[in-house]
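Spelled out, the chains give:
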Amino acid sequence: MPVIEQIAQFADDLTAIRQDFHQHPELGFEEHRTSQRVADLLASWGVTVERGIGGTGLVGVIEGNRPGRSIGLRADMDALPMDELTNLPYASKNPGVFHGCGHDGHTTMLLGAARYLAGNRDFSGRAVLIFQPAEEGLGGARAMLRDGLFDRFPCDELYGMHNSPYQGHSQLTIRPGKAQAGASFFDITLHGRGSHGAMPQASRDPIAIGSGLIKEMQEIVSRNMDPTHPAVVSVTQFHAGSAYNVIPETAVLRGTFRYFDEADGVMIEDRIRKLCAGFALAHEIEIVADIRNIFDVLSNDPERVGNLIEVAQEIVGDKAQPSAELTMGSEDMADLLRVVPGAFFNLGHGGTVPLHNSGFIFDDTILPVGASLLARLVEVRGAA
């Protein structure tokens with residue numbers, strides 16, 4: 001019986017697991033209930049589990065009944081700090097926390113693969129199941145690497161996925177080579193001089209200065225970047241002031257920049273720091289720039305992409321294609337793929353509401369498909 005038909009036999013169980021995760025979302029490095037639930041399920045299926053890797057992360061290991069290669073499969077577990085507005089009967093019970101990116105689905109699909117592989121060990125090699133915390137900008141992948149993830153659990157290849165409401169059901173897309181942008185976050189604090197709003201001459205107005213700084217930062221891409229290199233600089237927050245008639249003492253700018261060439265990322269950071277220093281000198285204030293790299297550029301190994309497409313076409317046919325576009329979105333699977341060659345793909349499902357929207361709904365009918373893809377990668381690539 002094909003893998004997908006075997007996994008479809010317990011699809012209702014997967015749906016119940018996913019909806020339980022959905023009702024109890026947890027933020028990055030706070031996935032205590034989620035991690036415990038994953039560990040308990042894995043243990044109930046006879047999977048060896050090691051917890052506390054990268055904080056709330058854990059790894060399960062399933063040995064096949066023949067020697068072979070170690071294939072890593074990774075899913076993220078964390079939710080977003082936002083309210084849910086779906087009115088679903090299994091909506092989030094945690095105010096201000098919502099699985100608006102579908103990580104509950106990713107975790108469940110990897111659990112589905114684990115249940116199948118643990119119950120049918122007729123494969124070569126080893127499956128290394130990586131349940132990662134804190135993907136949403138908090139560095140969960142790097143935390144697991146610092147805890148010796150691949151030293152303790154060596155992998156020959158590594159695969160992961162992201163659900164996608166932007167493409168058809170069971171449509172699998174991936175891009176060989178560079179696929180998702182590297183990203184840094186920044187916090188820029190302007191320490192000016194406050195005054196009465198009617199006496200601006202007595203101030204060093206951080207709002208006016210910050211507005212000018214934002215304008216100059218927007219010109220980094222248009223005037224300092226090679227126009228053939230994709231990049232984005234976005235100021236997404238501007239906090240200042242508390243009264244109609246008071247020029248504040250300080251202002252804070254926050255945002256992100258994205259790039260596909262590491263040298264471009266270095267250049268953008270350097271330009272932001274020089275602009276801050278120049279504005280501080282010109283306006284006689286202090287400006288402090290805190291800039292942090294959060295995500296590496298995600299690059300898929302071309303050979304592994306070919307292997308993935310070959311396996312995926314067994315399950316979804318011609319819906320599996322290496323046709324994904326470059327995206328300025330970022331994903332910390334990139335950090336893991338810098339260590340182990342592999343591939344990260346998109347899996348389409350029903351729905352019209354985008355990710356990170358309060359009305360996003362994950363389509364549970366995709367769970368057996370994703371679980372089958374992951375399980376079949378272990379069966380095929382473990383014997384390669």
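Everything numeric in this text was worked out from a predicted model, so none of it was measured.

Remarks on the UniProt feature "binding site: Mn(2+)" (unreviewed entry) in the chain
- The UniProt record annotates "binding site: Mn(2+)" (unreviewed entry) at Cys101, His103, Glu136, His162 and His356. Across 256 residues, the annotated set stays spatially compact, with a maximum C-alpha separation of 13.1 Å.
- Looking at the element boundaries, glutamate 136 is found in the loop between β4 (124–132) and α5 (140–146).
- Setting aside residues no more than four positions away along its own chain, glutamate 136 makes contact with Asp78, Ala79, Leu80, Cys101, His103 and His356.
- Following the sequence through the fold, histidine 356 ends up in the loop between β16 (342–348) and α11 (367–381).
- With relative accessibility at 40%, the residue histidine 356 sits in the partly exposed group.
- If near-sequence neighbours (up to four positions away) are discounted, histidine 356 is found in contact with Leu80, Met82, Gly100, Cys101 and Glu136.

Re the sheet that holds strand β1 (residues 48–51)
- Within the open sheet, the 8 strands sit side by side as β1-β2-β4-β3-β5-β16-β6-β15. Their pairing is mixed. At either end of the open sheet lies a strand with only one pairing partner, and these are β1 and β15 (320–321).
- Of the strand pairs in this sheet, strand β3 (residues 66–76) and β4 are connected by 8 bridges, and their pairing is parallel. Its bridge partner lying in β4, alanine 75 is registered against phenylalanine 131.

Describing the nonpolar core
- With 60 residues, the main nonpolar core has Leu42, Ile62, Leu111, Leu129, Phe131, Leu172 and Leu347 as its most contacted residues.
- The residues touching leucine 129, leaving out its near neighbours within four places in the chain, are Leu42, Val47, Leu58, Val59, Gly60, Ile62, Leu73, Leu110 and Ala114.
- Within the second largest apolar cluster, 28 residues are counted, among which are Val233, Ala251, Phe279 and Ile285.

Points about the packing of helix α2 (residues 11–23) against helix α3 (residues 32–44)
- Where α2 contacts α3, the two axes come as close as 10 Å, and the packing angle between them is 160°. Taken as axis vectors, α2 and α3 run roughly antiparallel relative to one another. As α2 packs across α3, the resulting crossing turns out to be right-handed. Within the contact between the two elements, α2 uses Ile17, Asp20 and Phe21 and α3 uses Arg33, Thr34, Arg37, Val38 and Leu41.
- Of the residues in the contact of α2 with α3, the class split is 4 nonpolar, 1 polar and 3 charged.

Quick word on the UniProt feature "domain: Peptidase M20 dimerisation" (unreviewed entry) in the chain
- What UniProt calls "domain: Peptidase M20 dimerisation" (unreviewed entry) maps, in this numbering, to residues 180–277.
- As annotated, residues 180–277 has a helix share of 36% and a strand share of 36%, and its two end C-alpha atoms lie 31 Å apart.

Points about the packing of aromatic side chains
- This model, assessed by the stated rule, comprises 1 aromatic pair.
- Where phenylalanine 257 meets tyrosine 259, the ring centres are 6.2 Å apart and the plane angle is 40°; that geometry is what we call tilted. A single burial state applies to phenylalanine 257 and to tyrosine 259, both of which are buried.
- The ring of phenylalanine 10 has arginine 115 lying over it, and the distance from NZ or CZ to the ring centre is 4.1 Å.

Describing α11
- A rise of 1.5 Å per residue sets the reference length of α11, with its 15 residues, at 21 Å; its end C-alpha atoms lie 21 Å apart and thus fit the reference within 8%.
- By the criterion of burial, α11 is predominantly enclosed, with 13 of the 15 residues buried.

Notes on helix α4 (residues 103–119)
- Compared with the 24 Å implied by 1.5 Å per residue over 17 residues, the 24 Å span of α4 between its first and last C-alpha is a close match.
- Counting buried residues in α4 gives 15 out of 17 residues, a clear majority hidden from the surface.

Re the pattern of salt bridges
- Evaluated as defined, the whole model comprises 28 salt bridges.
- The salt bridge involving glutamate 269 is made with arginine 273; its shortest N-O contact spans 3.1 Å. Of this pair, glutamate 269 and arginine 273 both sit in helix α8 (residues 262–283), 4 residues apart, which is roughly one turn of the helix.
- With a relative accessible area of 26%, glutamate 269 lands in the partly exposed category.
- The class for arginine 273 is partly exposed, based on a relative accessible area of 35%.
- Several salt bridges converge on common partners, so that one network encompasses Arg69, Glu157, Glu303, Arg304 and Arg381.

Focus on the environment of glycine 210
- Assignment of secondary structure puts glycine 210 in helix α7 (residues 206–224).
- With a relative accessible area of 0%, glycine 210 lands in the buried category.
- It is 47 Å that separates the C-alpha atoms of glycine 210 and glutamate 303, two residues lying 93 residues apart in sequence.
- Sequence-distant contacts of glycine 210, that is, excluding residues within four places in its chain, are made with Leu190, Phe238 and Leu253.

Here we look at the environment of arginine 74
- Relative to the assigned elements, arginine 74 resides in strand β3.
- Spatially, the C-alpha atom of arginine 74 lies 9.4 Å from that of phenylalanine 344, the residues being 270 residues apart in sequence.
- Within the local environment of arginine 74, its side chain forms a polar contact with the side chain of glutamate 331, the two groups lying 2.7 Å apart.

With respect to the side chain of aspartate 104
- Here aspartate 104 lies in helix α4.
- By relative accessible area, aspartate 104 is classed as buried at 1%.
- Among the polar contacts made by the side chain of aspartate 104, one reaches the side chain of arginine 18 at a distance of 2.8 Å.
- There is a polar contact of 2.9 Å between the side chain of aspartate 104 and the side chain of histidine 22.
- Setting aside chain neighbours within four positions, we find aspartate 104 in contact with Arg18, Phe21, His22 and His99.

Parameters at a glance
Residues numbered from 1 in each chain as written. Predicted model: local features only at pLDDT ≥ 70, side-chain atom pairs only at ≥ 80, totals over all residues. Heavy atoms only, no water. UniProt positions renumbered as here; feature names shortened; annotations may be inferred. Helix = DSSP H or I, 4+ residues; strand = E, 2+ residues; numbered from the N terminus. Contact = heavy atoms within 4.5 Å. Buried < 20%, exposed > 50% of the residue type's maximum accessible area, 1.4 Å probe, protein only. Pairing = 2+ DSSP bridges. Core = buried A, V, L, I, M, F, W, Y, C linked by side-chain atoms within 4.5 Å. Axes fitted to C-alpha atoms, helices over the stretch in contact; angles between N-to-C directions. Parallel < 35°, antiparallel > 145°, perpendicular 65-115°, else oblique. Left-handed = near helix turned anticlockwise from the far one by under 90°. Nonpolar A, V, L, I, M, F, W, Y, C, P; charged D, E, K, R; others polar. Phe/Tyr/Trp six-rings, centres within 6.5 Å; stacked < 30°, edge-to-face > 60°. Lys NZ or Arg CZ within 6 Å of the ring centre and 35° of its normal. Expected span 1.5 Å × (residues − 1). Salt bridge = Lys/Arg side-chain N within 4 Å of Asp/Glu carboxyl O. Polar contact = N/O pair within 3.5 Å; in protein donor to acceptor, adjacent residues only side chain to side chain.

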